[in-house]
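In case you want the letters, here they are:
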Amino acid sequence: MSAVRLHLVPVRSREAKDFVGAWHRHHPPPAGQIFTVGAADEPGTLRAVAIVGRPVARHLDDGTILEVTRTASDAARNANSLLYGASWRAAKALGYQRLITSTQTGESGASLCGADGT
């Protein structure tokens, strides 16, 4: 599989939720969000989305933290890393101090390591 060049695109809430519904392996779209972001290929086809919202854990919901509550992709290489980095930059720009997420047991977390959130 050759690498596809991806770029960030704005994605409306409904489109992001529909994408998650179609492509996420084991979870439905989350109920709410603060913002969404997408990754598209050069022709403009949406290849991945990230949904960012309030932290799921109530004790973390102090107004300074956001959580990437869902990402989904069609297996486009490096799409999740691109989205995690963009999500952190957007959260920082909005004044948030932390961005968290979680992975399931058995997931490597490689996309988090590859995210350049600086």
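This text goes with the structure placed above it.
Position labels on residues start from 1 in each chain and follow its written sequence. Under the rules for a predicted model, residues below a pLDDT of 70 receive no local features and side-chain atom pairs below 80 are neither given nor counted, while totals for whole chains, interfaces and linings still include all residues. Excluded from the side-chain calculations are hydrogens and water; all other atoms, namely the structure's heavy atoms, are used.

1. Focus: the overall build of the chain
Quick reminder of the rule: Each helix is a run of DSSP H or I of at least 4 residues and each strand a run of E of at least 2, with the numbering of both proceeding from the N terminus. Buried means the residue's accessible area, taken with a 1.4 Å probe over protein chains only, is under 20% of the maximum for its type, while exposed means over 50%, and partly exposed covers the values in between. The Shrake-Rupley method, run with a 1.4 Å probe sphere, supplies the accessible areas, and residue values consider only the shown protein chains as cover.
Looking only at helices and strands, the chain features 3 helices and 5 strands. Reading the helices (α) and strands (β) of the chain from amino to carboxyl end gives β-α-β-β-β-α-β-α. Taking all 118 residues of the chain together, 40% fall into the buried category. Total accessible area on the chain stands at roughly 7,100 Å², and carbon and sulfur atoms take up 50% of it.

2. Quick look at the environment of Arg77
How we decide: Throughout, a contact is declared for two residues whenever any of their heavy atoms are within 4.5 Å.
Following the sequence through the fold, Arg77 ends up in the loop between β4 (65–73) and α2 (79–93). On the basis of relative accessible area, Arg77 is assigned to the exposed category, the value being 55%. Between the C-alpha atoms of Arg77 and Arg47, which are 30 residues apart in sequence, the distance is 9.7 Å. If near-sequence neighbours (up to four positions away) are discounted, Arg77 is found in contact with Ala3 and Leu6.

3. Comments concerning the side chain of His24
Relative to the assigned elements, His24 resides in the loop between α1 (13–23) and β2 (35–41). Exposure remark for His24: the relative accessible area of 19% places this residue in the buried category. The residues contacting His24, other than those within four sequence positions of it, are Phe19, Arg70, Thr71 and Ala72.

4. Side note on the sheet that holds β4
Just so we agree on the cut-off: Note on pairing: two strands pair once DSSP finds at least 2 bridges between them. Helix axes are fitted to C-alpha atoms over the stretch in contact, other axes to C-alpha atoms as well, and angles between N-to-C directions run from 0 to 180 degrees.
As summarised here, the arrangement of the 5 strands in space is β1-β2-β3-β4-β5, forming an open sheet in which the pairing is mixed. Looking at which strands have only one partner, the edges of the open sheet turn out to be β1 (6–10) and β5 (98–100). Strand-to-strand twist across the sheet, computed as the mean angle between neighbouring axes with direction ignored, equals 30 degrees. Note that β1 and β2 share 5 bridges and pair antiparallel. The residue bridging Leu6 from the neighbouring strand is Asp41, located in β2. Packed on one face of the sheet, α1 meets β2, β3 (46–53) and β4 and runs near 110 degrees to β3.

5. Looking at the pairing of β2
The buried fraction of β2 is high, at 7 of 7 residues. Going residue by residue along β2, you find Phe35, Val37, Ala39 and Asp41 tucked away on one face and Thr36, Gly38 and Ala40 tucked away on the opposite face as well. Here β2 runs beside β3; their pairing, made up of 6 bridges, is antiparallel. Counted as the bridge partner of Ala39 is Ala48 from β3. Following β2, the chain reverses through 4 residues before pairing antiparallel with β3; Gly44 in that reversal takes a positive phi of roughly 100 degrees.

6. Focus: the pairing of β3
The buried count for β3 comes to 8 of 8 residues, which makes it a mostly enclosed element. One ladder, built from 6 bridges, connects β3 with β4; its direction is antiparallel. By the bridge assignment, Ala50 is partnered in β4 with Thr71.

7. Some words on the environment of Leu82
The residue Leu82 is located in helix α2 in this model. When its relative accessible area of 28% is taken as the criterion, Leu82 is described as partly exposed. Sequence separation between Leu82 and Ala48 is 34 residues, and the spatial gap between their C-alpha atoms is 9.5 Å.

Shape descriptors only; they carry no functional weight alone.
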